[in-house]
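Chain by chain, the residues:
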Amino acid sequence: MEFHIQDVTMTYPNGKQALGGLSLRLGSPSLTGLLGPNGAGKSTLIRLLSAALMPSSGVIQLDGAPLKDREMELKSRLGYLPQEFGLFDELTVWQFLDYMAALKGIRDSRAAIRQVLQDVRLEEQAKARIRTLSGGQRQRVGIAQALLGDPELLILDEPTVGLDPEERIHFRNLFSRTAQNRLVLLSTHIIEDVQSVCDHLIVLHRGTILFSGAPERLIQAAAGHVGVFWEQDAPENGEISVTARVHTACGVRCRGVAGVLPSYARPEEPTLEDAYLYLISREVAR
Ligand code: ADP
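Given the structure is predicted, the values throughout are model-derived calculations rather than measurements.

Trainee: When you look at the sheet that holds strand β2 (residues 17-27) in this model, what are you seeing that I'm missing?
Mentor: In a beta sheet, neighbouring strands are held together by backbone hydrogen bonds and run either parallel or antiparallel to one another. Spatially, four strands are ordered β2-β1-β4-β5 in an open sheet, and the strand pairing comes out antiparallel. One side of each edge strand has no neighbouring strand; the edge strands of this open sheet are β2 and β5 (65-66). Looking at chain direction, strand β1 (residues 2-11) and strand β4 (residues 57-62) are connected through five bridges and run antiparallel. Across the sheet, Thr9 pairs through a bridge with Ser57, a residue of β4.

Trainee: For this particular structure, what's the right way to read a nonpolar patch on the surface?
Mentor: On the surface, Phe88, Tyr99 and Leu103 cluster together to form a nonpolar patch covering roughly 320 Å² of accessible area. Residue placement: Tyr99 occurs in helix α3 (residues 93-103).

Trainee: I keep staring at unusual backbone geometry and nothing clicks. Help me out?
Mentor: Glycine aside, negative phi is the norm for most residues, and most peptide bonds take the trans geometry. Each neighbour pair has its own omega, and for Ser28 with Pro29 the value is -5 degrees, a cis peptide bond. Structurally, Pro29 can be placed in the loop between β2 and β3 (30-35). The backbone of Asp150 shows a phi angle near 55 degrees, a positive value even though the residue is not glycine. Relative to the helices and strands, Asp150 resides in the loop between α5 (135-147) and β7 (153-157). Judged by its relative accessible area of 55%, Asp150 falls in the exposed class. Even without being glycine, Arg206 reaches a positive phi, approximately 45 degrees. As for its placement among the helices and strands, Arg206 is situated in the loop between β9 (200-205) and β10 (208-213). With relative accessibility at 60%, the residue Arg206 sits in the exposed group.

Trainee: Please explain the pairing of β4 as it appears in this structure.
Mentor: For a regular strand, side-chain orientation follows a simple rule: the groups alternate between the two sheet faces. Where β4 and β5 come together, two bridges link them in antiparallel fashion. From the neighbouring strand, Leu62 faces β5, where its bridge partner is Ala65. Between the end of β4 and the start of β5, which pair antiparallel, lie two residues, with Asp63 showing a positive phi angle near 45 degrees.

Trainee: Sorry if this is basic, but what is going on with the packing of aromatic side chains here?
Mentor: In this description, a pair of aromatic rings is defined by centroid distance and the angle of the planes. Under the defined criterion, the tally for this structure stands at four aromatic pairs. Relative to Phe175, the ring of Phe171 has its centre 5.9 Å away and its plane inclined at 35 degrees; by these criteria the two rings are tilted. Here Phe175 and Phe171 lie together in helix α6 (residues 165-178), a separation of four residues that amounts to about one turn. Its relative accessible area of 1% is what places Phe175 among the buried residues. Ring centres of Phe229 and Tyr264 lie 5.4 Å apart, and the angle between their planes is 70 degrees; this geometry places the pair in the edge-to-face category. Of this pair, Phe229 sits in strand β11 (residues 226-230) while Tyr264 sits in the loop between β13 (251-257) and β14 (266-267), and the two are 35 residues apart along the sequence. Residue Phe229 is classed as buried on the basis of its relative accessible area of 5%. Grouping aromatic residues by their ring pairs yields a cluster made of Phe88, Phe96 and Tyr99.

Trainee: Sorry if this is basic, but what is going on with the site of the ligand here?
Mentor: What surrounds the ligand is a group of 13 residues, the closest being Lys16, Gly39, Lys42, Ser43 and Thr44. The backbone of Gly39 places a nitrogen or oxygen atom 2.7 Å from an oxygen atom of the ligand. Contacts to the ligand include Thr44, whose side-chain N or O atom sits 2.5 Å from an oxygen atom. Ranked by residues supplied to the shell around the ligand, first place goes to helix α1 (residues 42-49) with four residues. Among the residues forming the shell around the ligand, the class breakdown is four nonpolar, six polar and three charged.

Rules behind the numbers
Numbering of residues begins from 1 in every chain and follows the order in which that chain's sequence is written. This being a predicted model, a pLDDT of at least 70 is required before a residue's local features are given, and a value of 80 or more before pairs of side-chain atoms are given or counted; all residues contribute to the totals for chains, interfaces and linings. The side-chain values count all of the structure's non-hydrogen atoms but skip hydrogen atoms and water molecules. The criterion for strand pairing is that DSSP finds at least two bridges linking the strands in question. Numbered from the N terminus, helices here are DSSP runs of H or I no shorter than four residues, and strands are runs of E no shorter than two. Surface patches are drawn from residues lacking salt bridges whose relative accessible area is over 30%; two like charges belong together within 9 Å, two nonpolar side chains (Val, Leu, Ile, Met, Phe, Trp, Tyr) within 5 Å. For every accessible area listed, the method is Shrake-Rupley and the probe measures 1.4 Å; residues are considered covered only by the protein chains on display. By definition, a salt bridge exists where a carboxyl oxygen of Asp or Glu is found within 4 Å of a side-chain nitrogen of Lys or Arg. Throughout, exposure labels follow a simple rule: accessible area from a 1.4 Å probe, protein chains only, divided by the maximum for the residue type, with under 20% read as buried, over 50% as exposed, and the rest as partly exposed. By convention, a stacked pair of Phe, Tyr or Trp rings (six-membered ring in the case of Trp) has centres within 6.5 Å and planes under 30 degrees apart, an edge-to-face pair has planes over 60 apart, and any other such pair is tilted. Whether a residue is near a molecule or strand is decided by its heavy atoms; if any one of them lies within 4 Å of it, the residue is near. N or O atoms closer than or at 3.5 Å make up a polar contact, with two conditions inside protein: a donor-capable atom paired with an acceptor-capable one, and, for residues adjacent in sequence, both atoms drawn from side chains. Only Asp, Glu, Lys and Arg are considered charged, only Ala, Val, Leu, Ile, Met, Phe, Trp, Tyr, Cys and Pro nonpolar, and every remaining residue, Gly among them, polar.

Here it is in structure tokens:
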């Protein structure tokens, strides 16, 4: 499955341009992370790729044909976990998944439901009413319905929000396994999710792509731009953007990013979070 996005813009009816001239290729197998500050255009891009919206200009192709001619086909190949996921509180987990399976036109729904319940480790809750589940379990039901029918394209909008660290690790592993033969698009604010499983990263900012490539490449680009220093050594309004501050017995230890590191900062190996913040800080400074 391959998307080819060419010069796509999206302007909402109120005149707000959410995406401006985006060009991008996305193909399976891949676990692609979509990162960007609030309002960057991530949800808009997801809505375009799931054919819930049509672009104002430009073309999106799916496997070589315009997406607008393949809407029905796309829907049958798509699993989608939206950010706001309305669950039917009075239904049991099984009843809810059975309903979703019917909507998706899945024939052998029993086998499909059993499989996804096993994937998200909710077999024991199959007969529980959704209203009795914890926040993390409800999120797992949302992920289970997205996995129903073994979709070739899986779009997950903030899937690990509300999960505890152990559950997050379980799901990262599940997404990673799922992506072995599929295209999984993971929109998230949680940089660790991207760092640990994504082979491709897209950074969106103000409706444009700031970066698209392997996360390691973004990290390499930040080498020499990340440093640690003591706050007392830095002048006020120093030229370094502080990304972390820790109060210690010896003073406040800071970590920061800068185009040119000042002499009071000791260079450090960048993490993906540093690299992301460096990329965004350069853009904001423009
Ligand atoms: P993100 O998901 O990265 O937070 P969005 O795609 O939701 O970003 O939004 C991108 C921009 O488009 C924002 O400025 C947002 O206010 C605007 N926007 C999103 N949805 C609509 C809409 N339905 N009508 C008008 N403007 C919208």
